[in-house]
Amino acid sequence: IRAAGFSWCCHLVFAYYEGTNVFNSKTAELLSHHQVEIKQEFPREGWVEQDPKEILNSVYECVEKTCEKLGQLNIDISNIKAIGVSNQRETTVVWDKLTGEPLYNAVVWLDLRTQSTVEILSKRIPGNNNFVKSKTGLPLSTYFSAVKLRWILDNVKKVQKAVKENRALFGTIDSWLIWSLTGGVNGGVHCTDVTNASRTMLFNIHSLEWDKELCEFFGIPMQILPNVRSSSEIYGLMVKKKKIFLIVILHFQCLGDQSAALVGQMCFQDGQAKNTYGTGCFLLCNTGRKCVFSEHGLLTTVAYKLGRDKPVFYALEGSVAIAGAVTRWLRDNLGIIKTSEEIEKLAKEVGTSYGLLKILIICGLTQFTNKCHIAFAALEAVCFQTREILDAMNRDCGIPLSHLQVDGGMTSNKILMQLQADILYIPVVKPSMPETTALGAAMAAGAAEGVGVWSLEPEDLSAVTMERFEPQINAEESEIRYSTWKKAVMKSMGWVTTQSPESGDPSIFCSLPLGFFIVSSMVMLIASRYISG
């Protein structure tokens, strides 16, 4: 969980997001940071979980290590005034408010176990009145918290019992951390902000309140929901843990990770957009105070509300589920690389995928194909999917983006950034300091009324050094590459069906999941022979 932001002179601001980062609030310079990797668990295919206690302990570890580093820099940690939390927005946690213990693992945003829940619920939505999307800006999907929470309520007896006994609390990761760090069972603050609430499918993005009709539709008891606040106000005070904070009093604020990146990239004007390359890829475009509904498959979401009495701003959002996660796949599943940095080195060796396209299955393998081509194709896949989102966003907004601002861990890969500029055929602009999500959380925390160490006025915002990647191919070649990708995607569709053999052709060919497994296994066997060579 990464922590962020402080003013150099007399006020420090922390912001958590997958590690701890400390910034100079006058220059936005990163001064100190510490990160730990949080383990993911995969109990079944498509299930993704994390241990809420491990996440909480990682916060304590990161903060303690960062404070030690500040001491080595002769910076007095008693100057710390506020904490800004940024988090993966849809990840769902339920815990016991009397014991402080999680009642089940956190169900991660990527988790797909709720597909059957979604199918059942979708049948209850009238075709001419999709009240879920009109109120939330979101399609009914496994992605969002409401269906994850519904699954937990249906399947976890400990949660069912705790709800009946009025002991259960629900929240996304920000709520769990803030409640735990502000006292937990001893008066912890149970709250979230508008950006995280807007990703639950229970929150009305127009009235900015939990919606009774939505809660009844999903069968969610409203008493377990957190209070909703703005993204930049004081929620409560942090209770010191052992000797970490000494006599420091810390004020809490929070902001969903992609909204934090939008703020960190200083996209405060209508039409400004950023793309974050993390576990997934998330492209957000600020639409101002206007709630724009997409006609091309994008989500409508709350961008930020930077103060209790400040207006809410909205955004259009598109995402790629697998971006940085593809590096982990190459490392942990295929064994092609040992570290995430190696993917750039492999891709650089060949400079092309030579027709190898990584889609749902790998196609285009030949005896010439090696692990370098697979690495390059993996990077290309991220860029092509980003192009699809950007095209949809341009159509919805009506004004094509002149450049794309980027951030996130993968942006350190120069091959990826150049590929992205070539495939989009517009410049890609990357800040020299890539931790803009943490920076955005720090800015919101430091700007909160009662803290006031960070000004968000345009004239006061520090200029950030940028690295610019210009397209190095012509427009025709860019279009040919993109068209080839789309053609390959179309040909890869329709391989898997949920139709049972009893309801159709009983021949072996109707068992497409089996066929998919056999074909893909053969392909991977052939691939492994040449990779090992």
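Scroll up to find the structure.
All values derive from a computational prediction rather than experimental measurement.

What follows concerns the nonpolar core. Counting residues in hydrophobic clusters, the biggest one holds 73 residues, and the most contacted among them are Met201, Phe218, Tyr304 and Met443. When residues in this core are grouped by element, the largest group, 6 residues, is from helix α4 (residues 145-155). Discounting chain neighbours no more than four positions away, the residues touching Tyr304 are Thr195, Ser231, Leu255, Leu262, Val263, Cys267, Phe268, Asn286, Pro311, Val312 and Phe313.

Turning to its location among the elements, Asn155 is positioned in helix α4. Within polar-contact distance, the side chain of Asn155 engages the backbone oxygen of Trp151 at 2.8 Å.

Let's shift gears to the sheet that holds strand β20 (residues 404-407). Here we have 7 strands laid out as an open sheet, ordered β16-β17-β15-β14-β20-β21-β22, and mixed in their pairing. At either margin of the open sheet sits one strand with a lone partner, and together these are β16 (299-304) and β22 (466-469). Within this sheet the neighbouring strands show an average axis-to-axis angle of 30°, counted without direction. Inspection of the sheet shows strand β15 (residues 281-288) paired to strand β17 (residues 313-320) by 7 bridges, in the antiparallel sense. Residue pairing in the sheet places Leu284 in a bridge with Glu317 of β17.

A two-sided burial pattern is seen for strand β2 (residues 20-23), the buried positions comprising Thr20 and Val22 on one face and Asn21 and Phe23 on the other. By the bridge criterion, 4 bridges tie β2 to strand β3 (residues 30-34) in an arrangement that is antiparallel. By the bridge assignment, Val22 is partnered in β3 with Ser32.

What follows concerns unusual backbone geometry. Positive phi, close to 60°, is recorded for Asn166, a residue that is not glycine. Look at Asn166 and you get partly exposed, because its relative accessible area is 42%. Of note in this structure, Tyr425 is not a glycine but carries a positive phi near 55°. Structurally, Tyr425 can be placed in the loop between α13 (414-424) and β21 (428-431). Look at Tyr425 and you get partly exposed, because its relative accessible area is 38%.

It is worth spelling out the layout of surface pockets at this point. When its volume is computed, the second largest pocket comes out at roughly 660 Å³. In terms of lining residues, the second largest pocket is bounded by 26 residues, among which Leu306, Gly307, Lys310, Leu456 and Glu457 are the most central. The residue inventory of the lining of the second largest pocket, partitioned by class, reads 13 nonpolar, 6 polar and 7 charged.

So, on to empty space enclosed by the protein. Within the structure shown, the criterion is met by 1 cavity of 30 Å³ or more. Taken as a whole, the largest cavity holds about 30 Å³ of empty space. What lines the largest cavity is Phe170, Gly171, Thr172, Ser175, Thr192, Asn196, Ala197, Thr200, Trp210 and Pro226. Those elements that place two or more of their residues in the lining of the largest cavity are β8 (168-172) and α7 (194-197). In terms of residues, the lining of the largest cavity owes the most to one element, β8, which gives 3 residues. Of the residues in the lining of the largest cavity, the class split is 4 nonpolar, 6 polar and no charged.

To continue, consider the packing of aromatic side chains. The tally for this structure, following the rule as stated, stands at 14 aromatic pairs. For the pair Trp95 and Trp179, a centre-to-centre distance of 5.6 Å together with 50° between the ring planes defines the contact as tilted. Here Trp95, found in strand β6 (residues 92-96), pairs with Trp179, found in helix α6 (residues 173-181); they are 84 residues apart in sequence, far enough to count as distant. By relative accessible area, which is 4% here, Trp179 ends up buried. An aromatic cluster is built from Trp109, Tyr143, Phe144 and Phe282, whose rings are joined through pairwise contacts. For the cation-ring pair, Arg113 lies above Trp47, with the distance from its terminal atom to the ring centre recorded as 3.9 Å.

About the cut-offs
Residues numbered from 1 in each chain as written. Predicted model: local features only at pLDDT ≥ 70, side-chain atom pairs only at ≥ 80, totals over all residues. Heavy atoms only, no water. Core = buried A, V, L, I, M, F, W, Y, C linked by side-chain atoms within 4.5 Å. Buried < 20%, exposed > 50% of the residue type's maximum accessible area, 1.4 Å probe, protein only. Helix = DSSP H or I, 4+ residues; strand = E, 2+ residues; numbered from the N terminus. Contact = heavy atoms within 4.5 Å. Polar contact = N/O pair within 3.5 Å; in protein donor to acceptor, adjacent residues only side chain to side chain. Pairing = 2+ DSSP bridges. Axes fitted to C-alpha atoms, helices over the stretch in contact; angles between N-to-C directions. 1 Å grid on protein atoms, 1.4 Å probe; cavity = no way out; pocket = protein on both sides within 12 Å on 5 of 7 lines; lining within 4 Å. Points joined across faces, edges and corners; volume = space filled by probe spheres on them. Nonpolar A, V, L, I, M, F, W, Y, C, P; charged D, E, K, R; others polar. Phe/Tyr/Trp six-rings, centres within 6.5 Å; stacked < 30°, edge-to-face > 60°. Lys NZ or Arg CZ within 6 Å of the ring centre and 35° of its normal.

Function cannot be read off these values alone, since they describe shape.
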